[in-house]
Structure formats: structure tokens, C-alpha cells
Amino acid sequence: MKIGLLCGAAAMVSACSMSIIPQGAARSLPPQQDGEWVTGDSAEVRASRPAYQNGAPARFQPVDPTQLVKIGEDSSRATGAGVALGPDITTLNLAAAKAASALQSFRTSCSSLVRREDNSGLTSGADWQLSCDAAQRWPDQDAARFFASYFETVQIGDGKAFATGYFEPQINGSRVRNQNYQVPIYRRPDNLLDVDLGLFSEALKDKRIRGKIDGTKLVPFEDRAQIDDGALAGQGLEIAWAQDYIDLFFLQIQGSGRLALPDGSIMRIGYAGQNGQDYTGIGKLMRERGLLADGKTNMQGIVEWLRAHPREGMQIMRENKSYVFFRELTGPGPLGAMGHPVVARTSVAADRMFVPLGAPVFLDMAHDIADGLWVAQDTGGAIKGANRFDTFWGAGEQAAQIAGGMSSSGQALLFLPKGTVSRLVAARQRSGQ
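Residues numbered from 1 in each chain as written. Predicted model: local features only at pLDDT ≥ 70, side-chain atom pairs only at ≥ 80, totals over all residues. Heavy atoms only, no water.

Caption draft 1: Inspection of a nonpolar patch on the surface at higher detail. A surface patch of nonpolar side chains, amounting to about 310 Å² of accessible area, comprises Leu193, Ile209, Ile213 and Leu218. Position of Ile213 among the secondary structure elements: in strand β7 (residues 208–214). Judged by its relative accessible area of 51%, Ile213 falls in the exposed class. (Patch = residues over 30% accessible without salt bridge, like charges linked within 9 Å, V, L, I, M, F, W, Y side chains within 5 Å. Areas by Shrake-Rupley, 256 points an atom, 1.4 Å probe, with all protein chains shown as cover. Salt bridge = Lys/Arg side-chain N within 4 Å of Asp/Glu carboxyl O. Helix = DSSP H or I, 4+ residues; strand = E, 2+ residues; numbered from the N terminus. Buried < 20%, exposed > 50% of the residue type's maximum accessible area, 1.4 Å probe, protein only.)

Caption draft 2: Main features of the layout of surface pockets. When its volume is computed, the largest pocket comes out at roughly 1200 Å³. Looking at the largest pocket, it is lined by 42 residues, and the ones nearest its centre are Asp206, Lys207, Arg208, Ile209 and Lys384. At four residues, strand β11 (residues 266–274) tops the list of elements feeding residues into the lining of the largest pocket. For the lining of the largest pocket, the per-class residue count stands at 13 nonpolar, 12 polar and 17 charged. In this structure, the second largest pocket occupies an estimated 420 Å³ of space. Along the wall of the second largest pocket there are 19 residues; nearest its centre are Phe167, Pro169, Asp247, Met299 and Ala400. (1 Å grid on protein atoms, 1.4 Å probe; cavity = no way out; pocket = protein on both sides within 12 Å on 5 of 7 lines; lining within 4 Å. Points joined across faces, edges and corners; volume = space filled by probe spheres on them. Nonpolar A, V, L, I, M, F, W, Y, C, P; charged D, E, K, R; others polar.)

Caption draft 3: Quick look at the packing of helix α9 (residues 299–308) against helix α10 (residues 310–318). It is at 5 Å that the axes of α9 and α10 come closest, and there the two elements cross at 120°. Taken together, α9 and α10 sit at an angle that is classed as oblique. Between α9, through Trp305, Leu306, Arg307 and Ala308, and α10, the contact on the second element is made entirely by Pro310, Glu312, Gly313, Ile316 and Met317. Of the residues that constitute the contact of α9 with α10, the class distribution is six nonpolar, one polar and two charged. (Axes fitted to C-alpha atoms, helices over the stretch in contact; angles between N-to-C directions. Parallel < 35°, antiparallel > 145°, perpendicular 65-115°, else oblique. Contact = heavy atoms within 4.5 Å.)

Caption draft 4: Spatial organisation of the sheet that holds β7. With antiparallel pairing, the three strands of this open sheet are ordered in space as β6-β7-β8. In this open sheet, the two strands that pair with only one neighbour each are β6 (193–196) and β8 (217–219). Within the sheet, the average angular offset between the axes of one strand and its neighbour, ignoring direction, is 55°. Where β6 meets β7, four bridges bridge the pair, whose relative direction is antiparallel. Note that in β7 the partner of Val195 across the bridge is Ile209. (Pairing = 2+ DSSP bridges.)

Caption draft 5: Here's a closer look at the environment of Gln141. Of note, Gln141 is situated in the loop between α4 (129–135) and α5 (143–150). Residue classification places Gln141 among the exposed positions, given a relative accessible area of 69%. Between the alpha carbons of Gln141 and Ser101 there is a distance of 9.7 Å; along the sequence they are 40 residues apart.

Caption draft 6: Expanded view of the pairing of strand β15 (residues 372–378). Among the seven residues of β15, seven are classified as buried, and the element is accordingly described as predominantly covered. Here strand β13 (residues 347–349) pairs with β15 via three bridges, running parallel. Opposite Val348, over in β15, you have Ala376 as the bridge partner. As defined by bridge partners, strand β14 (residues 360–365) adjoins β15 across four bridges and the pair is classed as antiparallel. By the bridge assignment, Pro360 is partnered in β15 with Val375.

Written out as C-alpha cells, the structure reads:
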């Protein structure tokens, strides 16, 4: 959905309690805990839950951290955090429908997976060739056997996972500016530069910054407040105009979305870049300052407060210096960090330093609705660290409700090509660690 700065619906308010997770979806949790909202259980939501072959998802015991294999001392990537072989895939009772959808998304990702660099250090593109070749001809209805045949489960670090959710929002917009549409939606400026610092120093490998050239210096790009005050005005960067600033603010956090145009048509916009400034979750700021009443720490409560206090609300939003630029999407979408469409209830955002983009991911979360097989096809500015995921739920009111309420802990496993762990063990032995 966006390349490099996707922030989930819960992440955008720094894991404040969000509505709405179906009742009973949070195992063994009382309703309306902070970060774990539970409300009515609709038939539509019940029907959306994964149907496991044996009635319930299998539980698996995490591997003792003392059994982890670490390659090097760099704990900022998976190999340094430690890896361990997990349970056999056949014991996980993969849901047929989820496995079929995951196979389709994995198949889509393969063209990139086999040729891109794996920042996690776990695999190379060649490691995926065998499974990718098989995926092209494997029948979707037998997807569970495909994953069991070509993959092994791998635990990264202690395997303790945290998942939020994101969705594709829709707001009112226009292709032309008029009295009802005054908030600019900008394309990426030509002078915004992405700098790979690893090209200049091995110590800065995998470190990147964004900025612009000022004379002979690379300097920070304008922040949100400066852009709001007109720093980009008059440069012809506007691709559309939003009706409401707050709506656009939250669409920027999601990273892509839909504009409902005055003539009834839809314009889809996707992430095209970010200004390089740090992201700040305003929900955390508001909660710390005591601005949100009990029961109002969800996204709806935050929006209500912002609308009721327009002057103070604008100042708080400006404290989030991050600013997202867009492009119009005319093909399938929304697009994830791999450049492929993300799929509702199948695609998940992850930290590429801990998960190879394109790899299947198995989640066993406190919220049952997030359980099962996903495919890592996206990244996000707030999605950092081992076993941190952001689940994609699609578009529409139900997607917004589920994504907004998704703030769940549990366990995670990666599906990696068979032989990955034994190869990493051999690499450690050769290095003398």
C-alpha cells in the first residue's frame, strides 16, 4: 500500500484502544481493555473468520531462546536476533481458504522475491526459485500441501508478535480546486532525494535518509507545518484536492486510499514518497496530555476531539512532521512495498530487516480473526522490529472497524524455504562463532 511508510490504524495513534474487534475474537480477554476493544459480534464478521480444518487453529510452543542460532552481532536484523526451526507446517492445520489466498499472493510476489536483496540476511533470491517455480503450476485448492512441501517454519527471536491493522480509506476529493475542496494532495516533488547511506560507509549499511539539495549541502526536506503553510504551493504538484484536512491527515497515515469525486466516480491514490521527517503518533500525545476521555482513546474519539477543537487539533497534527505524497493509481491496487497489489485479509506489512518481503507469515494472535497464514508484501514507518506486523483488511466500513480495533499480541512464525535454518547453522560454524 505504501513503499516504506505504512502505519497501521492502531499504530497511527500509538496503540490506543480502537474500535471494533468482534466479541469473542479476543481469546480470554475481558471486553474493552485498553488496546483490545470488543463489541458486538455480527454475522458478517463471524462469517469472515477463518474456518480451520479441525475446528480450531493448532497451538505451537515457542522455541526456547537458548536454542536460537545467531549469525553476527547485528541485532537490528533477523540473523542477529536469532533464528530457530519451528514446528512442522502440517501441525498448524492451515485453513484451506487462507492457504489458497496466501498461495495466490506468494505467486504474485515471486517475480520480485527471486531477484531482490533480502535485508534480513535470512535468504537470497536463489533460495526462493524452487518454491516460486512450483507455485506457478500448483493448484490453489491444494495450497496447504504446497506450503508443507516447500517450506519450514522459522522463529525469529522469541517469536512474540504484535499486530495492528490497516485499511484503504475513502474520503471526499476533487481533481480541481473549488470552494469546497481546498486541501492540496501533492505528488512527490522532483527535488526530494532518497539517500542510501550504506553506499558511503559499511557502518551505515541499510540506513537511508531523505532530503533535498541546498547549494552544496543535503538538508532536511520541509516538514508538515512548512508544507501546510505553503512551502510547495505554486509548483504544480497538486494531483487532487481534499474536502477535509483531518480526513486527508488520516489517509496519509494509511498510505493510500480512494477519493470520492463530485461526479460520483472514484480516484484511487497510492503512496509515492515521504518527506523524511519522523513520524509521531498523535494519539499517544493526546493521551499523555489527558485530552481524551475514558472510552474515547480510539480513532473515532481522536477525530471527534480534533473536530471539536480545530485550533488545538491543527497544532497537534502539525507535531507529526511526517508528510506523505501520492500518485494516482489506475491499475490493480492498492500497491505494497514490493510494487504488487496487497490483498485484504492476506497481505501483511513487516520490517524488511526481519522478514524477507514476499515470505509467508503464520500468526497465532489473541484476536482469532488475525490468526493464520499471511504474506509479507508491505512495510511501514511504525512497523519496526522482529515479529511486528500490520494486517491489511481492505476497503469499506467493516475493514475500517476491524483494522481500527486490531491491536493484538501473540506468536509468529516465518515460512522460509526448506533448509534455511541448517544453512544458517552451517554459516555460523564456518565463521567460528
